[in-house]
Amino acid sequence: SGKCVVQVAKLDWLDPAGSENSVAGGHHTLGEGETFEVILGSDLMYEMEPSAALPGVIRRHLDRRGTCLLAMKRRYEDILQSFLEKARECELRVRIKQVVNERAQEEGDKLFGVCTRWSP
């Protein structure tokens, strides 16, 4: 019908089931069975533990035919490699592309990741 529904929900990657799995601080928290056709994330990987937990959260909430788009800046190679390793374990396909921007003033590569689920 041409409608686009956008949902925003609180999500703690290290407690994805949500100990307070209803309304926290007036914000909806994701239920275990909620899945989405598109998941967007930007600049999410700073620390090892949450970055390693991210693929499991994506797998749990990404629809079987869905796509997760992640924009990030390459900062810590070990964190990125850990994310990629965990993504494989979670049966996610990940494609990483470097974004080239000649006018970029900041140091470091800009990356764009696309995650999809492996077909059963």
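Residues numbered from 1 in each chain as written. Predicted model: local features only at pLDDT ≥ 70, side-chain atom pairs only at ≥ 80, totals over all residues. Heavy atoms only, no water.

(A) Region of the structure containing the pattern of salt bridges. By the definition in use, this model includes two salt bridges. Lys86 serves as the salt-bridge partner of Glu89, at 3.7 Å between the closest nitrogen and oxygen. Taken as a pair, Glu89 and Lys86 lie in helix α2 (residues 77–89) at a separation of three residues, close to a single helical turn. Residue classification places Lys86 among the partly exposed positions, given a relative accessible area of 31%. (Salt bridge = Lys/Arg side-chain N within 4 Å of Asp/Glu carboxyl O. Helix = DSSP H or I, 4+ residues; strand = E, 2+ residues; numbered from the N terminus. Buried < 20%, exposed > 50% of the residue type's maximum accessible area, 1.4 Å probe, protein only.)

(B) Highlighting the environment of Val38. Tracing the sequence through the fold places Val38 in strand β3 (residues 36–42). For the pair Val38 and Cys68, spaced 30 residues apart in sequence, the C-alpha separation works out to 5.6 Å.

(C) Structural view of the nonpolar core. Met45, Ile58, Cys68, Leu70, Met72, Phe83 and Cys115 are the most contacted members of the largest nonpolar core, which has 20 residues in total. Put simply, the parts of the chain that give this core at least two residues each are β3, α1 (48–61), β4 (62–73), α2 and β6 (110–117). It is α2 that provides the largest number of residues to this core, a total of five residues. Leave out the neighbours within four places in its chain, and Ile58 touches Ile39, Cys68, Leu70, Phe83, Leu92 and Cys115. (Core = buried A, V, L, I, M, F, W, Y, C linked by side-chain atoms within 4.5 Å. Contact = heavy atoms within 4.5 Å.)

(D) Spatial organisation of the side chain of Ser82. Inspection of the secondary structure assignment puts Ser82 in helix α2. By relative accessible area, Ser82 is classed as buried at 15%. Excluding its chain neighbours within four sequence positions, the residues that come into contact with Ser82 are Met48 and Ala52.

(E) Geometry of the packing of α1 against α2. Between α1 and α2, whose axes approach to 8 Å, the crossing angle comes to 25°. When the interaxial angle is binned, α1 and α2 end up roughly parallel. Crossing handedness for the pair α1 and α2: right-handed. For the pair α1 and α2, the contacting residues are Met48, Ser51, Ala52, Leu54, Pro55 and Ile58 in the first and Asp78, Ile79, Ser82, Phe83, Lys86 and Ala87 in the second. (Axes fitted to C-alpha atoms, helices over the stretch in contact; angles between N-to-C directions. Parallel < 35°, antiparallel > 145°, perpendicular 65-115°, else oblique. Left-handed = near helix turned anticlockwise from the far one by under 90°.)

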